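What follows is each chain in one-letter form.
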Amino acid sequence: MGERADIRILVVDDDAAVRALFSSYLRAEGHTVDEADDVSPALEAIEAHPYAVVVVDIVMPGGSGLDVLRVVKARLPECDVIVASANTTRTRAIDALNAGACQLLEKPLEDLGLLGHAVRSALERRRLSLRATALAREVGVKNSALEVTNRRLTALHHAGRVLTSLHSMKVIFQEIVEIISRELLSTRVSIMRIVEDHDAHERRLEMQAAIGLPDEAWHARPLVGEGIAGYVAKTGK
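Described in the following lines is the structure provided in the data block. Keep in mind that this is a model prediction, so the values were computed, not measured.

Look at helix α3 (residues 39-48) against helix α4 (residues 65-75): their axes get within 10 Å of each other, and the N-to-C directions meet at 10°. Between α3 and α4, the angle falls in the class roughly parallel. On the side of α3, the interface is formed by V39, A42, L43, I46 and E47, while α4 contributes V68, V71, V72 and R75. When grouped by side-chain class, the residues that make up the contact of α3 with α4 number seven nonpolar, no polar and two charged.

Here is the structure:
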């Protein structure tokens, strides 16, 4: 009962008796039901609520139920539309199906169970569609994560091969900053080394490799503790 109460259905019919009959039946089935007596209030309701099913007449004073059908399919793709009409010609039936109606019911209904069956079928299709969408999204997320992992493993493998073949620390450091830049999508990466100045009793930072930094950055030799890089070197944080 609680799950059905979460399902919102719109019944659109200019005949008050038919509208009340359909709505009462669906409410008895446990659904939340809104009513509209013409095209304009139906469109306003569709803008306001994410309906799961819409039951609509075709011929109404303010326009065609097919207009409601088209708006529903454009705005709420997962919503099924059941067309219930006493004036369903072959041409109108084909137009309704082409516009996306899931089922046509001929009024007056001899058995309201036909409406109940149509609604249950529509809700089951909606449940399966939403489940398929959720699974596809879940698979997509997992595939994205696998792609990232695979790219990083490939980068690490490449780095391992490069580093084992190099003898220059300068080249090694440059390779490292390029890998970090690619993997973290960073435009500015640098490696600095702490250099002891025993005469001045100072510890300074000296650039070893960098990407995206201006030329003057290579000549700067900040004291350990100065600036962001100096603070990191001093505290390890």
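Still more ground to cover, so stick around.
A separate point is the packing of α4 against helix α5 (residues 90-99). For the pair α4 and α5, interaxial distance at closest approach is 9 Å and the crossing angle is 15°. As far as their axial angle goes, α5 and α4 are roughly parallel. Crossing hand, α4 versus α5: right-handed. Of the residues in α5, those touching α4 at L66, L69, R70 and K73 are D95, A96 and A99. Here the contact of α4 with α5 is built from residues that sort into four nonpolar, no polar and three charged.

Okay, the nonpolar core next. With 23 residues, the main nonpolar core has L10, V12, Y51, V54, V56 and V68 as its most contacted residues. Setting aside anything within four residues of it in sequence, one finds V12 in contact with A36, D38, A42, V54, V55, V56, D57 and M60.

It is worth spelling out the pairing of strand β9 (residues 202-211) at this point. Two strands pair when backbone bridges link them, and strand β8 (residues 189-197) and β9 are joined in this way by nine bridges, in the antiparallel orientation. Looking at β9, one finds that D197 is bridged to E202. Following β8, the chain reverses through four residues before pairing antiparallel with β9; H201 in that reversal takes a positive phi of roughly 55°.

Turning next to the pattern of salt bridges. In this structure the tally under the stated criterion is 12 salt bridges. Between R27 and E35 there is a salt bridge, with its nearest N and O atoms 3.2 Å apart. When its relative accessible area of 37% is taken as the criterion, R27 is described as partly exposed. On the basis of relative accessible area, E35 is assigned to the partly exposed category, the value being 38%. A salt bridge links R203 to E196; the nearest nitrogen and oxygen atoms lie 3.2 Å apart. With relative accessibility at 38%, the residue R203 sits in the partly exposed group. Of the residues examined, E196 reaches a relative accessible area of 43% and is grouped as partly exposed.

Conventions used here
- Residues numbered from 1 in each chain as written.
- Predicted model: local features only at pLDDT ≥ 70, side-chain atom pairs only at ≥ 80, totals over all residues.
- Heavy atoms only, no water.
- Axes fitted to C-alpha atoms, helices over the stretch in contact; angles between N-to-C directions.
- Helix = DSSP H or I, 4+ residues; strand = E, 2+ residues; numbered from the N terminus.
- Parallel < 35°, antiparallel > 145°, perpendicular 65-115°, else oblique.
- Contact = heavy atoms within 4.5 Å.
- Nonpolar A, V, L, I, M, F, W, Y, C, P; charged D, E, K, R; others polar.
- Left-handed = near helix turned anticlockwise from the far one by under 90°.
- Core = buried A, V, L, I, M, F, W, Y, C linked by side-chain atoms within 4.5 Å.
- Buried < 20%, exposed > 50% of the residue type's maximum accessible area, 1.4 Å probe, protein only.
- Pairing = 2+ DSSP bridges.
- Salt bridge = Lys/Arg side-chain N within 4 Å of Asp/Glu carboxyl O.

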